[in-house]
Amino acid sequence: MAYKLFALSLSFCFLLFGGCFAIRQQSQQQNECQLERLNALKPDNRIESEAGYIETWNPTNNQFRCAGVALSRCTLRRNGLKRPSYSNAPQEIFIQQGSGIFGMIFPGCPETVEEPFESDQQGRRDRHQKVNRFREGDVIAVPPGVVFWMYNEEETPVIAVSLIDTGSYLNQLDQMPRRFYLSGNQEQEFLQYQRQEVRGREEENQGGNIFSGFGGEFLEDALNIDRNIVHKLQGRDEEQDKGAIVRVKGGLSVITPPERQSHRRGSEEEEDEEEDRPSRHQSRGGSRRNGLEETICTVRLRMNIGKSSSPDIFNPQAGRIKTATGFDFPALRFLKLSAEHGSLNRNAMVVPHYNLNANSIIYALRGRAWIQVVNCKGNRIFDGELEEGQVLIVPQNFVVAARSMSDKFNYVAFKTNDMPTMAKLAGATSEIQAMPLEVIQNAFNLEREQAKQVKFNNRFNFLVPPREQSQRRASA
Amino acid sequence: MAYKLFALSLSFCFLLFGGCFAIRQQSQQQNECQLERLNALKPDNRIESEAGYIETWNPTNNQFRCAGVALSRCTLRRNGLKRPSYSNAPQEIFIQQGSGIFGMIFPGCPETVEEPFESDQQGRRDRHQKVNRFREGDVIAVPPGVVFWMYNEEETPVIAVSLIDTGSYLNQLDQMPRRFYLSGNQEQEFLQYQRQEVRGREEENQGGNIFSGFGGEFLEDALNIDRNIVHKLQGRDEEQDKGAIVRVKGGLSVITPPERQSHRRGSEEEEDEEEDRPSRHQSRGGSRRNGLEETICTVRLRMNIGKSSSPDIFNPQAGRIKTATGFDFPALRFLKLSAEHGSLNRNAMVVPHYNLNANSIIYALRGRAWIQVVNCKGNRIFDGELEEGQVLIVPQNFVVAARSMSDKFNYVAFKTNDMPTMAKLAGATSEIQAMPLEVIQNAFNLEREQAKQVKFNNRFNFLVPPREQSQRRASA
Amino acid sequence: MAYKLFALSLSFCFLLFGGCFAIRQQSQQQNECQLERLNALKPDNRIESEAGYIETWNPTNNQFRCAGVALSRCTLRRNGLKRPSYSNAPQEIFIQQGSGIFGMIFPGCPETVEEPFESDQQGRRDRHQKVNRFREGDVIAVPPGVVFWMYNEEETPVIAVSLIDTGSYLNQLDQMPRRFYLSGNQEQEFLQYQRQEVRGREEENQGGNIFSGFGGEFLEDALNIDRNIVHKLQGRDEEQDKGAIVRVKGGLSVITPPERQSHRRGSEEEEDEEEDRPSRHQSRGGSRRNGLEETICTVRLRMNIGKSSSPDIFNPQAGRIKTATGFDFPALRFLKLSAEHGSLNRNAMVVPHYNLNANSIIYALRGRAWIQVVNCKGNRIFDGELEEGQVLIVPQNFVVAARSMSDKFNYVAFKTNDMPTMAKLAGATSEIQAMPLEVIQNAFNLEREQAKQVKFNNRFNFLVPPREQSQRRASA
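As the structure is a computational prediction, the values presented were derived from the model and not from experiment.

Visitor: Give me the relation of the copies chain B and chain C: which residues, what numbers.
Guide: For these two chains of identical sequence, chain B goes onto chain C by a turn of 120 degrees and a shift of 0.1 Å along the axis, with RMSD 0.1 Å. Taken together, the rotation angle and the small translation identify this as a three-fold axis. Comparing interface residues between copies, only 3% of those in chain B also sit at the interface in chain C, which points to a heterologous contact through distinct surfaces.

Visitor: So what about the sheet that holds strand 23 (residues 391-394) of chain C? Which residues, and what values?
Guide: All names here are of chain C. The six strands are arranged 16-17-18-25-20-23 in an open sheet whose pairing can be described as antiparallel. Two strands in the sheet have a free side with no partner beyond their single neighbour: strand 16 (313-315) and strand 23. Put simply, the sheet's adjacent strands are angled 15 degrees from each other on average, direction ignored. Relative to strand 23, strand 20 (residues 360-366) runs antiparallel, the two sharing four bridges. Looking at the pairing, Ser360 lines up with Val394 of strand 23.

Visitor: Any chance you could break down the sheet that holds strand 12 (residues 158-164) of chain A for me, citing the residues and the numbers?
Guide: Residues and elements named next belong to chain A. Read from one edge to the other, the open sheet built from seven strands follows the order 1-2-3-12-5-10-15, with strand pairing classed as antiparallel. With one partner strand each, in any of the chains shown, strand 1 (45-49) and strand 15 (302-304) form the two edges of the open sheet. Shown here is a sheet whose adjacent strand axes are inclined to one another by a mean of 20 degrees, direction ignored.

Visitor: Quick one: what's the story with the packing of aromatic side chains, residue by residue and with numbers?
Guide: In the structure shown here, the tally under the stated rule is 27 aromatic pairs over all chains. Residues Tyr86 of chain B and Phe180 of chain B carry aromatic rings whose centres are separated by 4.7 Å and whose planes lie at 5 degrees to one another, so their mutual orientation is stacked. Linking Tyr86 of chain B in strand 4 (residues 80-87) with Phe180 of chain B in strand 13 (residues 179-181), this pair joins segments that are 94 residues apart in sequence. We classify Tyr86 of chain B as buried; its relative accessible area is 1%. The exposure class of Phe180 of chain B is buried, given its relative accessible area of 0%. Seen in terms of ring centroids, Phe190 of chain B and Tyr193 of chain B are 6.4 Å apart; in terms of plane orientation they differ by 40 degrees. Their pairing is tilted. Residues Phe190 of chain B and Tyr193 of chain B agree in their burial class; the two are buried. Here the guanidinium or amino end of Arg46 of chain A rests over the ring plane of Tyr53 of chain A, the centre of that ring lying 3.5 Å away.

Visitor: Can you lay out the interface of chain B and chain A for me, pointing to particular residues and giving the numbers?
Guide: Every contact between the two is made by 89 residues of chain B and, on the other side, 97 residues of chain A. Linking chain B to chain A there are three salt bridges. Here Asp126 of chain A ties to Lys455 of chain B by a salt bridge, and the two come within 2.5 Å at their closest N and O atoms. Across the chain B-chain A interface, the total number found is 27 residue pairs in polar contact (both at pLDDT 80 or more). At the level of elements, helix 1 (2-15), strand 19 (349-355), strand 21 (368-374), strand 24 (399-404), strand 26 (422-424), helix 9 (437-444), helix 10 (448-456) and helix 11 (467-475) of chain B are the ones that each hand at least two residues to the side of chain B that touches chain A.

Visitor: Explain the relation of the copies chain B and chain A residue by residue, including any values.
Guide: With an axial shift of 0.1 Å and an RMSD of 0.0 Å, the rotation relating chain B to chain A amounts to 120 degrees. Interface overlap between copies: only 3% of the residues of chain B at the interface are likewise at the interface in chain A, consistent with a contact formed by different surfaces.

Visitor: Could you give me a rundown of the interface of chain B and chain C, with the residues and numbers involved?
Guide: Note on interface size: it is often stated as the accessible area lost on association of the parts. Counting residues at the interface gives 98 residues for chain B and 89 residues for chain C. It is Arg124, Gln172 and Phe218 of chain B that lose the most area in chain B upon contact with chain C, and together they represent 10% of the buried surface on that side. In this structure, the connection of chain B to chain C is made through three salt bridges. Taken together, chain B and chain C are joined by 28 residue pairs in polar contact (both at pLDDT 80 or more).

Visitor: Hey, could you go over the pairing of strand 5 (residues 91-97) of chain B for me, with residue numbers and the actual values?
Guide: Residues and elements named next belong to chain B. Of all seven residues in strand 5, six are buried, a share of seventy percent or more. In terms of strand pairing, strand 5 meets strand 12 (residues 158-164) through six bridges, oriented antiparallel. Bridging across to strand 12, Gln97 finds its partner in Ile159.

Visitor: Tell me about helix 9 of chain B, and name the residues and values.
Guide: The buried count for helix 9 of chain B comes to eight of eight residues, which makes it a mostly enclosed element. Taken residue by residue, helix 9 of chain B has Leu437, Glu438, Val439, Ile440, Gln441, Asn442, Ala443 and Phe444 of chain B as its buried positions. The secondary structure elements touched by the buried residues of helix 9 of chain B are strand 4 (80-87), strand 11 (147-151), helix 5 (227-233) and strand 14 (245-247) of chain A together with helix 10 of chain B. After helix 9 of chain B finishes, the residue Asn445 of chain B shows a positive phi value of roughly 65 degrees.

Visitor: I'd like to hear about the state of the cysteines, residue by residue, with values.
Guide: Evaluation of the coordinates by the stated rule reveals six disulfides over all chains. Paired through a disulfide, Cys33 of chain B and Cys66 of chain B show a sulfur-sulfur distance of 2.0 Å. Taking the sign of the torsion about the S-S bond as the criterion, the disulfide between Cys33 of chain B and Cys66 of chain B, at about 110 degrees, is right-handed. One end of the pair, Cys33 of chain B, is in the loop between helix 1 and strand 1 (45-49); the other, Cys66 of chain B, is in helix 2 (residues 62-67), and 33 residues separate them in sequence. Across this residue pair, the class does not change: Cys33 of chain B and Cys66 of chain B are buried. Covalent S-S linkage joins Cys109 of chain C and Cys297 of chain C, the inter-sulfur distance amounting to 2.0 Å.

Visitor: Report on the environment of Leu76 of chain C, specifying residues and quantitative values.
Guide: All names here are of chain C. For Leu76, the location among the structural elements is in strand 3 (residues 70-76). Residues Leu76 and Ala160, spaced 84 residues apart in sequence, show a C-alpha to C-alpha distance of 8.4 Å. With residues near it in sequence (within four places) discarded, Leu76 still touches Ala51, Lys82, Met150, Tyr151, Asn152, Pro157, Val158 and Ile245.

Visitor: Break down the pattern of salt bridges for me, citing the residues and quoting the values.
Guide: As enumerated under the stated definition, the model contains 64 salt bridges over all chains in all. Of the charged contacts, one joins Arg448 of chain A and Glu438 of chain A as a salt bridge, the two residues approaching to 4.0 Å between their closest N and O atoms. Of this pair, Arg448 of chain A sits in helix 10 (residues 448-456) while Glu438 of chain A sits in helix 9 (residues 437-443), and the two are ten residues apart along the sequence. With a relative accessible area of 13%, Glu438 of chain A lands in the buried category. In this structure, the salt-bridge partner of Asp174 of chain C is Arg178 of chain C, at a minimum N-O distance of 2.8 Å. We note that Asp174 of chain C, like Arg178 of chain C, is buried. What you see here is one network of salt bridges that share partners, running through Glu114, Arg125 and Arg127 of chain A.

Visitor: Give me the lowdown on the pairing of strand 21 (residues 368-374) of chain A, citing residues and values where you can.
Guide: Residues and elements named next belong to chain A. Among the seven residues that make up strand 21, five are buried, leaving the element largely enclosed by the rest of the structure. Judged from the seven bridges that link them, strand 21 and strand 22 (residues 380-387) form a sheet pairing that is antiparallel. Its bridge partner being in strand 22, Trp370 is matched across the sheet by Glu385. Between strand 21 and strand 22, which pair antiparallel in sequence order, lie five residues; one of them, Gly378, sits at a positive phi of approximately 80 degrees. Bridging between strand 21 and strand 24 (residues 399-404) involves six bridges; their strand directions are antiparallel. When the sheet's bridge partners are listed, Val373 is paired in strand 24 with Val400.

Parameters at a glance
- Residues numbered from 1 in each chain as written.
- Chains lettered and ligands numbered in written order.
- Predicted model: local features only at pLDDT ≥ 70, side-chain atom pairs only at ≥ 80, totals over all residues.
- Heavy atoms only, no water.
- Least-squares fit on C-alpha atoms with pLDDT ≥ 70 in both.
- Contact = heavy atoms within 4.5 Å.
- Pairing = 2+ DSSP bridges.
- Helix = DSSP H or I, 4+ residues; strand = E, 2+ residues; numbered from the N terminus.
- Axes fitted to C-alpha atoms, helices over the stretch in contact; angles between N-to-C directions.
- Phe/Tyr/Trp six-rings, centres within 6.5 Å; stacked < 30°, edge-to-face > 60°.
- Buried < 20%, exposed > 50% of the residue type's maximum accessible area, 1.4 Å probe, protein only.
- Lys NZ or Arg CZ within 6 Å of the ring centre and 35° of its normal.
- Salt bridge = Lys/Arg side-chain N within 4 Å of Asp/Glu carboxyl O.
- Polar contact = N/O pair within 3.5 Å; in protein donor to acceptor, adjacent residues only side chain to side chain.
- Buried area = accessible area lost by both parts, 1.4 Å probe.
- Disulfide = S-S within 2.5 Å.

If you want it as structure tokens, here you go:
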């Protein structure tokens, strides 16, 4: 099936004239990808908030610059609300831990959800756009400029890792990641790096949101509210250290899709389908699911690729791989991003391979693995462990292989292409296997028998079980 | 209807895999959009010609660089002919004043118009490609490399404002705007800025056109003409100060579409349709409107968004907005540009909003407005008046609001996307209105009642009438 | 027909929303295309191999940088095998001389060709992906990341000129061309320029392939082979000067499409069609030509535009032009590249013209021509001879004209667009001919009669025969 998908993908490519290759910016400097050494990187900054914290990786690091991305990790404690914000570039958020709800505001889409108990004397009913659930293992796609908020209603902290694709064709400005907060008095998380970039310039170290920049009179008139409320919108009276994640006293009670009860008994696909159905409490206007606005306004925004999802590649001795691509998930097609979740058993390997059309940003979720990356000179530019919470950036066409050092090594790889294509250098469906034996023999200066071993010995696809098992299998 | 259009637009987006987001270059420098201060800019240079003049804004200014555009304004006096030229990037021309005719040469398209009295003894008849009319309020789309000329036959000077989108995917070279003149001896209008860029290099300050660079022998043979005519093509004998706009003695008499008689009685749509019909004096070859070449060779190249057009958003107390996008106008879809014409009554406001997917280059046509622009830090980076003839560049995702200071404030906003999407932060169909009340309350730290005011108090869409009227309306 | 094609092309453009314009990177520096002087460039480096050599042009030269491309030329002696490698950007290879076979490995495509005599005791049969023939005049399209190898089985050396389009939308990294070899111990051909770029850094001057960077243990397990073979894969025992082109003792015997016997009696189209049919020796699986994977896995990868092909433009006195575009050849559509082969008789001219939507990289195959190139200032930035083996880069919109100085001047022009559009400034279907006579007259300040000469005197299309003949023709 993976094979079929691939073929389908490439057919699409040609039909669409290259539509499945990401259209994105190259790194700005001529030599930004002359990387001689990669590093497994931890976040280098942490901003505390009332109900959680945000960690960031320095986006001006040359590995991030080469890949044209920025990364942050957000931890929400119970009742923590990540304040509404939008970004200047597409985001792909992976839920490492926890569950909760999120909202995304699509300008022009109808407010289809009606809160039942909210109409007051003036007959003002609270209608709003759909609110969605998320859980561990979800990938959430957030277009640039679209307001996003999220909330954790449970005891387990939510940990969300966000990739911002500043090199995207959707970002018309420079490569700096920018977060625009609608509320609060905090400094946005990437601002510090911008200050470093524009050295020598005196910069006020003060927070603010997009309302705080406007004159009070403008806002009074634009919103038809009084000065007191304006000051609150502007976050004036608020302490800065309340931050981007605030605590909701008593918890948030908004209408959300019904609780997922099926996802332990049913398959993940069914569950997801169920979530996609209209919630019970929706507008009776009846216009929903029945018009042009459906395509965007009801489009799927998340997909689970975690442990409970059905894998795309599976080998009980070695591990499992599950991907979310533009085929699964039209929003990814639009953002030209995808994600891969992998789980490797101890000593299982991922064969040497490369991404033809994407940079890969590998984030370790659990355990640790030994990873090697090789550049076009044949130099090993990474040779070390990747541990939980660290990230490794593998540029397009650079070759990577890995071996799990833990009972389970779990990772998520963000890829800068909605339909990433991978070329393997060993095993089934590898480049080696597709070459004529004589070419292998002569290219590598091998004896005939040796060439046969190179071509045929490994019959596993992508994931290789620990040696002992694999040998037993191969001779079976 | 605006709503439907939007929905349609976004549906298309997804269907086309992001086809409706502009694919363009990012600003070249890492920090070019770290703008701490915007300015309302007037043209900083003016080149006089025989029958008009061209004014330019410095394209190396960091606001223009960040947006990846260049701007010029061309004034044609009566009988002024802007000499044929092409550019290295797509152009969007707005007719601020006057009317006249223009030609665009599409290579490979047939010469469908035949001048009736031009056949001579040798039977050589003057056939040429279609010539078009333009009038005040028109947007004209000019692809890169396509030769364009225009002519004013009336007393009122023609004022045409041209945006050159150097950041376009259609420009494969660097970000400098380049104009290639087919005739004359003048220096092209952006050359001075290129000289400044390449400092220290001695540069001959001499004019020339693309023929003047070729050897005489090459041109004699290529055109099969004698040396005298070659010299004229090369503009050798001409004084440089004749310039890019020459006076046509006795006026130009070329076949153009019939005079628009309908546009005062009929609607603008009808008029435009009429203009699209074949002119009376066309080739009798019969192949026109009947073959593959139609799509490009007869494609619509202009559209009126001026005062006489029917608005997309209209509020008699506040003003009107009319846009030309890729939906109205396939040529814009190709160039990935659009335009918006706005007219605001005194004290009327445009609510705080941002463009999700475009930079906006706002040019004031008439009157003045107070404008504020806020960046992602919550800093107000513009707070001042924009007056007739000035331009303000608002980068993608930066928030802008405005209030008219004149009885009428008219502007045109060029946008670097053929299907620009706008997010409003106040009023009907705003992001605020689409958020659950509880999220507003907690994000902004408001009382319940205050949150309701923020969400519901302004029911106007985009344009807000002066306060007194708006209050009356809201309570009605 | 050329006309129809053009119209079709542009229709497609609009239908596809600009899909036919190349989406590519602009040159990185603001002023990289402020070229005041072009040069006819020879390769500046040569790396010898066992059975041939590779020559390269310096990709950091500002002309190459401006165009966003790199160029190399590979010569294979008899039995020379160019080792398998892939590149970080799309390639267009033109076969200047010789014939042979090549393979391209598409990840995920089935191994459809079965070597008949290769099954051994263990029942391991050698299946591999299709192997293709090439011959003089062929254009071969190689996507980025796709492994490519080629082989010369005949006495005549194969000379292959490769354009690497580093500015392509398919390359997400920086502008350096990168070659990833799967085997051997040589230094990749563009590495020296990268070293120059990263000055001051000590760099080991050692070769290697993508296997040599991995630890032995990783490869043993990934391929399930022993240490000896791993060392051979890594090219450890090999001398570096064996290089990228190795000699196959006794010659390579892989199954390839049947010998072309038709191409001397039949037309080129027929021949190509024949080559596209399944070879006799293919897998009996039967699934080929019968499923989704066809589109990509059996897509046409080459096309002949050489002397024996039927020309698109032909004038017996002047010469011939043949192009390979996205219409002929879907792989080019995907890579957004095209090629043009031209042949000019002595003293025949190419009229002044420019490419609206592409840079043109002109490589002289045979003979010499006098070429002039003019920029937007009207300055002649090239005025000289282009000789066999030299290359001249003409940026988008810059005007070029040429006159053959040899009995035959043959060239190939690589263009950075799959559907290049050319605008001519003289002769039939030129911009001049499509303008109204009065506009010509007034723009160029001509007498009426002179304007008529400019417009009508040259009735040739693109290619102009030597003057004497042309004059006879014009008066006929």
